[in-house]
Protein chains: 2
Amino acid sequence: MRPTACKRIEQVQDPVIPIIGAWIRDNPGTLSLAQGVVSYSPPDVVAETLGSIDPSDPAICRYGPAAGQDALLEIITDKLLKENDIDCVGRQVFCTAGSNMAFLTVLLAIANVGDEVLLVRPYYFNHQMAIELAGCHCKYADSTPDFQLDIDAIANGLTDRVRAVVTVSPNNPSGAVYPREALSEVNRLCGERGIYHIHDEAYEYFTFDDREHFSPASLPESLEHTVSLFSISKSFAMAGWRFGYAVVPEHLTAAVQKVQDTNLISVSGVTQQIASAVIPLGQAWCKQRIAALSTARDMVLAARDHLSGGATICQPQGAFYALLTLPARRHDLDVVQQLIERFKVAVLPGSTFGINSGCVLRVSFGGLPLERLEAALARLTAGIREL
Amino acid sequence: MRPTACKRIEQVQDPVIPIIGAWIRDNPGTLSLAQGVVSYSPPDVVAETLGSIDPSDPAICRYGPAAGQDALLEIITDKLLKENDIDCVGRQVFCTAGSNMAFLTVLLAIANVGDEVLLVRPYYFNHQMAIELAGCHCKYADSTPDFQLDIDAIANGLTDRVRAVVTVSPNNPSGAVYPREALSEVNRLCGERGIYHIHDEAYEYFTFDDREHFSPASLPESLEHTVSLFSISKSFAMAGWRFGYAVVPEHLTAAVQKVQDTNLISVSGVTQQIASAVIPLGQAWCKQRIAALSTARDMVLAARDHLSGGATICQPQGAFYALLTLPARRHDLDVVQQLIERFKVAVLPGSTFGINSGCVLRVSFGGLPLERLEAALARLTAGIREL
């Protein structure tokens, strides 16, 4: 008798990146506007630090503390105070192998089987996957037509079973940046209800037009119920290192430690040493790289003029994503496949992010150098005109 | 209103290693027979490979395939065929950040909320924690008095809700090595029932007295229902790197990929390159280091003569653990705390491994060089005589 995978896993959507990655591999020469990566290189300090590592150092070869090495936690605490105005007194920082893991770890620590978690739609697909995997259910609050937070929709979604509200700013996939007022409102709602506000800040450094990034854990009333997630994947071009961290209220320390011990134990010692060297570079290092992304964003917006028949691109305020809406009622994954096979350009389907009305595509403009981005956008607009 | 951690997390035991780690830190000079680590250093090839890494190589700085880099998967496939007689045709290898994660990943792919998983008691505590965390329930089958598999007990434990049987050989915490016949019986039972047999082989190289390690995935009938878990933490003294892998039936590929994408995405690129250099060293490299462990084992057995009043130590056949049973009905965690505070020697309490009758301690003899092991054992026997 042959066993099979479980039902819980059927609730979890197929990971879209590997599927589209396979189509790209099958169509050599495809330019990718699909994956969320940046085109610049990691800081030079990575090579220097690697060269100084002693593999027989117990901090490298033996298990480390669940939260992270003391020196690294101090660096992160310092960064949070200086850059995010987050005071870590009464909070605990936990280092994880990437920010996805930070989300899953917090979720398993706070949500029972059958509980609900509220996502703002369009949502980041890995958040939805984690909620289903944990045996919880997703509730959705649609954002406004320009992809900002709809506070009424969020308030209306807060049933008694909702354990947390998740916000992402700068947003993946819409590129929206939520202002202080809106995030404060969500945070206040969560505090009143006695539920958690999980805020994903992976793109904290990526804002355009001097728009300000805001961390809700900097709010005076946020201490007991606010969780913040950070990553070095995007900012320092180090997705392959798998390093992120969560900042949680201190009362969750024991719970998060249990999850960490069961899943990862601790982040790789080498990765922690590299993170210790990179994180202090902070926003100053990233700012120079992000300047070029602003040009990339303008190129995407200029591509609007080459679209036909009512296709639109919403203006990104941050991150490096734009949502392209096609007027025709077409199946978005089919459109993506045809764009790759016939026009050698890849984007992601909006349905992956929970966009179920109309045909919407996510364009990631961070991963290609500008001249290749230009070519990719020409292919994209040509493809959309002809499809 | 202040939110709290969830009920699910209350089912998960407190991680014992951080608790005892804190007692050790509070009592400087304590010799540790607690954590499962080896005293030797990682292979020289680690430093060489680290020196050759280019941080801007996409294989290092960008996301990698969920299962692992092709070159590494090939190396692992080759190793499995040569050393474990496991043919990977019809199977998929998944690299994870440690073998704990490999277990949790497989569990989330195969078990629904409310399903049962059968553990052989004494069990490895992280397996029990993962099952509770996944919203599943543990069933237990006691092993025989000499810590071997009790096939009848396992067969009797197989209710309709049991999705998998977990075996660990060489065993943590007992040091038992399960013979081919017993593992084949368990594997056959699982096949007949249409459930999975998850076999943890983290200590595959650690056997004494020429005892043979057996991988049930080498059995001809094992293909559809057998999962094997491996680690480099113990064998190559690289626990701090967080690298392990699971070998799963091919029909689980899509399910495991979903979990991997939600949790880790992929193992750190640097870690994968290091693993690629280390794994081919294989059993040959480890054999020389493990020779010293055999002497350490003999020292533990010799310490039996210094115990009094009916305390016993069961002879380990593999791994680097021995179970020490005290005749008195005392609370094991209290004994552990007193051993640390009064005698400056640390061990783990048997209750952590599900041993609820009598007072049993796990002695890990892999982590100290021989002269310090001798001192630690003298403290341990003195402490047990006097407590």
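### With respect to the interface of chain A and chain B
Next, step 1: Across the boundary between the two partners, chain A contributes 85 residues, which contact 85 residues of chain B.
Next, step 2: In this assembly, chain A packs against chain B so that about 6800 Å² is buried in total across both faces, 58% of it on carbon and sulfur atoms.
Next, step 3: Among the residues of chain A in contact with chain B, Tyr63(A), Lys258(A) and Thr262(A) are the three that bury the most area, contributing 11% of the side total.
Next, step 4: Between chain A and chain B we count four salt bridges in total.

### Notes on the environment of Asp87(B)
Residue and element names in this part refer to chain B.
Next, step 1: When you line up the elements, Asp87 lands in the loop between helix H5 (70-84) and strand S2 (91-96).
Next, step 2: Taking the C-alpha atoms as reference, Asp87 lies 9.7 Å from Leu219; in sequence the two are 132 residues apart.
Next, step 3: Polar side-chain contacts of Asp87 include one of 3.0 Å to the backbone nitrogen of Val89.

### Section: the domain arrangement of chain A
All names here are of chain A.
Next, step 1: In terms of domain boundaries, chain A breaks down into domain 1 (7-42 + 284-386) and domain 2 (57-281).
Next, step 2: Domain 1 puts 39 residues into the contact, and the matching count from domain 2 is 33 residues.
Next, step 3: For the pair domain 1 and domain 2, the two sides together bury roughly 3000 Å², of which 64% comes from carbon and sulfur.
Next, step 4: Summed over the three residues of domain 1 that lose the most area to domain 2, namely Gln317, Ala319 and Phe353, the buried surface amounts to 22% of that side.
Next, step 5: Residues Asp209 and Arg297 are paired through a salt bridge, measuring 2.8 Å at the closest nitrogen-oxygen approach.
Next, step 6: The tally of links between domain 1 and domain 2 comes to 16 residue pairs in polar contact (both at pLDDT 80 or more).
Next, step 7: Sorting the residues of the side of domain 1 that touches domain 2 by element identifies helix H1 (7-11), helix H2 (16-26), helix H12 (282-302) and strand S10 (321-326) as the ones contributing at least two each.
Next, step 8: For the side of domain 1 that touches domain 2, the leading source of residues is H12, giving seven residues.
Next, step 9: Considering only residue class, the side of domain 1 that touches domain 2 consists of 24 nonpolar, twelve polar and three charged.

### Topic: the sheet that holds strand S12 (residues 348-349) of chain A
Residues and elements named next belong to chain A.
Next, step 1: Spatial strand order, S9-S10-S13-S12: four strands in an open sheet with antiparallel pairing. The two strands at the open ends of the sheet, each matched to only one other strand, are strand S9 (312-313) and S12.
Next, step 2: Where S12 lies against strand S13 (residues 359-364), two bridges are found, and the strand directions are antiparallel. From the neighbouring strand, Pro349 faces S13, where its bridge partner is Leu361.
Next, step 3: Along the sheet face, helix H13 (residues 332-343) touches S10, S12 and S13 and points at about 45 degrees away from the line of S13.

### Focus on the nonpolar core
Next, step 1: Leu33(A), Phe243(A), Leu380(A), Leu33(B), Phe243(B) and Leu380(B) are the most contacted members of the largest nonpolar core, which has 241 residues in total.
Next, step 2: Once residues lying within four places of it in the same chain are set aside, the contact partners of Leu33(A) are Val345(A), Ala346(A), Val347(A), Arg362(A), Val363(A), Ser364(A), Leu368(A), Leu373(A), Ala376(A), Leu377(A) and Leu380(A).
Next, step 3: In terms of nonpolar packing, the next biggest core, distinct from the first, is built from 23 residues, Leu189(B), Ile195(B), Phe214(B) and Leu323(B) among them.

### Quick notes on helix H14 (residues 370-386) of chain A
Next, step 1: Helix length check: H14(A) (17 residues) gives 24 Å between terminal C-alpha atoms against 24 Å at 1.5 Å per residue, within 8%.
Next, step 2: Restricting attention to buried positions, one finds in H14(A) the residues Leu373(A), Ala376(A), Leu377(A), Leu380(A), Thr381(A), Ala382(A), Gly383(A) and Ile384(A).

Rules used in this analysis
- Residues numbered from 1 in each chain as written.
- Chains lettered and ligands numbered in written order.
- Predicted model: local features only at pLDDT ≥ 70, side-chain atom pairs only at ≥ 80, totals over all residues.
- Heavy atoms only, no water.
- Contact = heavy atoms within 4.5 Å.
- Buried area = accessible area lost by both parts, 1.4 Å probe.
- Salt bridge = Lys/Arg side-chain N within 4 Å of Asp/Glu carboxyl O.
- Helix = DSSP H or I, 4+ residues; strand = E, 2+ residues; numbered from the N terminus.
- Polar contact = N/O pair within 3.5 Å; in protein donor to acceptor, adjacent residues only side chain to side chain.
- Domains from an automatic or database assignment.
- Nonpolar A, V, L, I, M, F, W, Y, C, P; charged D, E, K, R; others polar.
- Pairing = 2+ DSSP bridges.
- Axes fitted to C-alpha atoms, helices over the stretch in contact; angles between N-to-C directions.
- Core = buried A, V, L, I, M, F, W, Y, C linked by side-chain atoms within 4.5 Å.
- Buried < 20%, exposed > 50% of the residue type's maximum accessible area, 1.4 Å probe, protein only.
- Expected span 1.5 Å × (residues − 1).

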